[in-house]
Amino acid sequence: MSALGKVVRAGVGRKRVQTLVMVLTTMMSVTACILAVGLLVAAQGPYQRSFADQHGAHLNVLYDPAKASPAQLAAGAHAPGVTASAGPYPAVTVQPRSGEDTKFPPPDSPLPPMTLVGRAQDGPMDGLRVTMGRWVAGPGEVVFLDGHSPLAVGDSMRFPGLPGQPTLKVVGLAASVSWSADGWVAPEQVAGLTAPGTAPAAQYLYRFAHAGTDAEVEADHAVLAAAVPAGALTKATSYRPAQAAADRTASTFVPFVTAFGVLGLAMSVLIIGVVVSGAVTAATRRIGILKSLGFTPAQVARAYVGQALIPAGIGTALGVLGGNLLSVPVLGIAQKALRGGLLGIPLWVDFAVPAVALAAVAGTALVPALRAGRLRTVEALAVGRAVPGAKRATAQGAQGRGGAVGLVERVRNGIGRLPVPRSLSLGLASPLNRPGRSATTGAAVVLGTAGVTLCVGLTLSLGLFQDGLEAGRADKVVVQTPIGGTTKPTEQVDEAAVARAIGARPGTRAWYSSVPTPAAVAGNTGRSEVVAFSGDASWSGYQLVSGRWFRGPGEVVVGSAFLRANQVKVGDTVTLADHGRTTPAKITGEVLATDDFVFLDRATLAPLGGAIAAEAISFHIDLTPGTDAKAYADALDSAVQPMGLSAEPGEQHINIVVLAMNTLAGMLTLLLSVVAGLGVLNTVLLDTRERVHDLGVLKALGMSPRQTVGMVLTSVCGSGLVAGLVGVPIGIAVHHQVMPAMARAAGVGVPDADLTVFEPAVVGPLILGGLVLALLGAVLPATWAARTRTVTALRTE
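Values in this document were obtained by computation on a predicted structure and should not be read as measured data.

Just checking my understanding: could you explain the overall build of the chain for this structure?
A tally of regular secondary structure across the chain gives 24 helices and 22 strands. The buried share among the 797 residues of the chain stands at 50%. Within the chain, contacts between residues at least 6 apart in sequence are counted, and of these 82% link residues at least 24 apart. Split by element, the accessible area of the chain, about 34800 Å² in all, is 62% carbon and sulfur.

Please explain the packing of helix α13 (residues 422-429) against helix α20 (residues 705-714) as it appears in this structure.
When two helices pack together, their arrangement is given by the angle between the helix axes and by the axis-to-axis distance. At their nearest, the axes of α13 and α20 sit 7 Å apart, and the two run at 30° to each other. Our classification of the angle between α13 and α20 gives roughly parallel. Note on packing geometry: the crossing formed by α13 with α20 is right-handed. Across the interface between the two elements, S423, L424, L426, G427 and L428 from α13 touch Q707, G710, M711 and T714 from α20. For the contact of α13 with α20, the per-class residue count stands at four nonpolar, five polar and no charged.

How should I be thinking about helix α15 (residues 495-504) in this particular structure?
Because the α-helix completes a turn every 3.6 residues, residues three or four places apart line up on one side. Turning to α15, its buried residues are A497, V498, A501 and I502. Across the axial projection of α15, the buried residues extend over an arc of 135°, all falling on one side. Residues of α15 that are exposed and point over 90 degrees away from its buried face: R500, G503 and A504.

Hey, could you run me through the pairing of strand β10 (residues 201-208) in this one?
Each regular strand shows side chains that alternate between the opposite faces of the sheet. Where burial is concerned, most of β10 is hidden: six out of the eight residues are buried. For strand β1 (residues 59-63) and β10, the ladder comprises five bridges, and the chain directions are antiparallel. By the bridge assignment, Y63 is partnered in β10 with A202.

Explain the environment of L62 here, please?
Note that L62 resides in strand β1. Sequence separation of L62 and Y89 is 27 residues, and the distance between their C-alpha atoms is 9.3 Å.

Is there a simple way to explain the packing of α20 against helix α23 (residues 760-787) in this structure?
For the pair α20 and α23, interaxial distance at closest approach is 8 Å and the crossing angle is 145°. Along this stretch, α20 crosses α23, giving a crossing that reads as right-handed. Between α20 and α23, the contacting residues are P705, T708, V709, V712 and L713 on the first element and L775, A778, V779, P781, A782, A785 and A786 on the second. Within the contact of α20 with α23, the residues separate by chemical class into eleven nonpolar, one polar and no charged.

What am I meant to see in the pairing of strand β18 (residues 573-578) here?
Across the two faces of β18 the burial differs, with V574, L576 and D578 buried and T573, T575 and A577 not buried at all. When strand β14 (residues 520-521) meets β18, the two strands line up antiparallel, connected through two bridges. Bridge pairing in β18 links A520 to A577. With six bridges connecting them, β18 and strand β19 (residues 581-591) associate as antiparallel partners. By the bridge assignment, A577 is partnered in β19 with T582. Joining the antiparallel neighbours β18 and β19 is a turn of two residues, in which H579 adopts a positive phi near 55°.

How should the packing of aromatic side chains be read in this particular structure?
Aromatic ring pairs are described here by two measures, namely the spacing of the ring centres and the angle between the planes. Scanning the entire structure with this criterion turns up 16 aromatic pairs. For the ring pair F51 and Y239, a centre distance of 5.2 Å and an interplane angle of 40° mean the geometry is tilted. With a gap of 188 residues between them, F51 in helix α3 (residues 46-53) and Y239 in the loop between β11 (233-238) and α6 (240-282) connect regions that are remote in the sequence. This pair shows no difference in class: F51 is buried, exactly as Y239 is. Between W135 and W184 the ring centres are 6.4 Å apart and the planes differ by 40°, which places this aromatic pair in the tilted class. You can see W135 sitting in the loop between β5 (129-133) and β6 (141-145) and its partner W184 sitting in strand β9 (residues 183-185), a full 49 residues away along the chain.

Cut-offs used in this document
- Every chain's residues receive numbers from 1 upward, in the order its sequence appears when written.
- Since the coordinates come from a predicted model, pLDDT governs what is reported: local features require at least 70, and pairs of side-chain atoms require 80 or more to be given and counted, while whole-chain, interface and lining totals use all residues.
- The side-chain values count all of the structure's non-hydrogen atoms but skip hydrogen atoms and water molecules.
- Runs of H or I in DSSP of at least four residues are treated as helices and runs of E of at least two as strands, each being numbered from the N terminus.
- Remark: exposure states derive from per-residue accessible area (1.4 Å probe, protein chains only) relative to the maximum for the residue type, with buried under 20%, exposed over 50%, and partly exposed in between.
- When checking whether two residues touch, look at their non-hydrogen atoms; a contact exists if any pair is within 4.5 Å.
- Using a 1.4 Å probe, the Shrake-Rupley method yields the accessible areas, and only the shown protein chains count as cover for residues.
- Inter-axis angles, ranging from 0 to 180 degrees, are taken between N-to-C directions of lines fitted to C-alpha atoms, where helices are fitted over the stretch in contact.
- Here is the rule for angles: anything less than 35 degrees is roughly parallel, anything more than 145 is roughly antiparallel, 65 through 115 is roughly perpendicular, and the remaining ranges are oblique.
- Definitions for this section: a left-handed crossing has its near helix turned counterclockwise from the far helix by less than a right angle. A right-handed crossing has that turn clockwise.
- In this classification, the charged set is Asp, Glu, Lys and Arg, the nonpolar set is Ala, Val, Leu, Ile, Met, Phe, Trp, Tyr, Cys and Pro, and all remaining amino acids, among them Gly, are polar.
- What the arc describes is the spread of directions from the helix axis to the C-beta atoms.
- In this scheme, strands are said to pair when DSSP sees at least two bridges between them.
- Classification of ring pairs rests on two measures: the distance between centres of Phe, Tyr or Trp rings, Trp counted by its six-membered ring, which must be within 6.5 Å, and the angle between planes, read as stacked under 30 degrees, edge-to-face over 60 and tilted in between.

This is the structure:
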């Protein structure tokens, strides 16, 4: 081994703690970057990648085999523009009930209507990827579409209305990029699920040469309809809604992942710079010795760049490994939210991120390494033996105590006059020994605090955001017409009787009713769902982005999608139409909703004269504090069953997108916090070791181990508090930019309640978080300083 190699190896091995800090810092930084870049890549066109990988279909078509022969249906594969097809697959639409072994919903509960298709997992089109459990092995089993399964894996459902009352067990969930069915069964199972006197539909999947827009898909649909006898094509489902939903969801990830990525990159560069520059500063005397032995300035520079690259290389390798391991659960959740994307980190990311990280380390190390190489031998030997104050005096020379040095001395003297124990005042003045280093580390803690603030803000905002989207579905108790079951629905609901039953039940706090109506917005027929309310819905949880809730007839509130699709704004007037009659209504507010909703008071529909479908009405009930929702629903259910209704506790659905965002934000925040803590540890350790002789003197004068710990911990208190005071506003500012950007990408606005989540009870602990972060990083150096023997410290130079 060459002399230069021995110097590099000795430098790395001699400074074990510093080397470990460098390894851990680069490891955490690379891990965070791998995750962030991996998710950014996954968010770029995830649906298109999955569509290509799984050979998705542009159109899923159901044919009535009674109206066309097999040869006529097969001819559709040769229609103009068709490039590929698959089928026929037998398909049936059924309405089962939950089995006796299910926990949720309760046994024998009605399940929503579903289309089941008999086919194999693989095929020439719409390859199905099992995400949980396994594929069907034969009759008696079913696999549901992941994300739309009414039952959990292992549950069962039965069909009491079919001959033999067949039962199917859920054995798995599968992802279909084309959403071609609600579930899949063995082909031989379809006959047992077909009602007597009927025949299964024939499903065909098609791809076309031109299907990039809605207009092109509509044209392709028309081509297929013309290729078969009239009425044979009963249903056609386009891939376009699934693509739009996936792309909209993917774009919401980009703003907050980018914010965390920028914070992580800036913090990593700062910490690595502190570590490398501290290594060179601490080795000034050693540099002088090397130069006195004949090492050239270039060799000295290469030696210290090498001492930085070796631990950084180890940390980078570990970071790549850790990033790929953590990507399995993180990207797994993100993939479900994105409806496609990556199964792992792309290979180019595993090479690009380490290359950038090592380049950053080399560039950061080069500046102090070149400075070390330019040091004169005598100067390095002389300054290397001096304490920090002497180095500063030597460097300043004839400048005396004016300028910045004089200011530092005055601040130090002011701290010394504070009415606190001497050990604490020494700790408070400690950062002034290396103001540049302390400022750099403080900046890293600022960024760490900003990252924690951003994570807390996003978690609170996304929780409120989800509550707003779930309004109307997650009420305490819901009374509505049951789907099937023992309760016989009625054609006309006696709303007054239901209201009396609800009002007479102990525990009722408030209620309102809602019902979809046949009314439509003129010029927007078939695209909006008009929902009429009765009663006080102010407690419902619907969140207004702008404007106010309707107060009576002639007013409506609409979803963001409605405003965007119809190019209108709050304050404009729209026209409601039904059965040839029209009535104007003023838009008074924009409600948080991803669907194209129009909400109004029931009285607004009076001029239209249309009848409302009573079987679709639902009553939403809020309970007084302490009332058990299940017991209340059971008691009310017995009262409304004779009216053809049923009462059940409301359901709170887990939003997979919110879950994925919170998981990733928490993971990245944890990594950034660890990196910031390592930066504090390194800085305090360097300062403590540089002043170890002074520490020995203080110990000889009677400083106890407890006072030593207090001194070291106090040295980071000032920077920790400042970091909290500076980092929290930065985090809040970033949150106020990221959250609206995410909402815009999702096609909605952000209610003020979801944005103003930083109340004093939240901000106070976050500000103290910077102090806690700094103290945690200083615990180990403080313990080391307290345990150092006085004689050992006095002998150290």
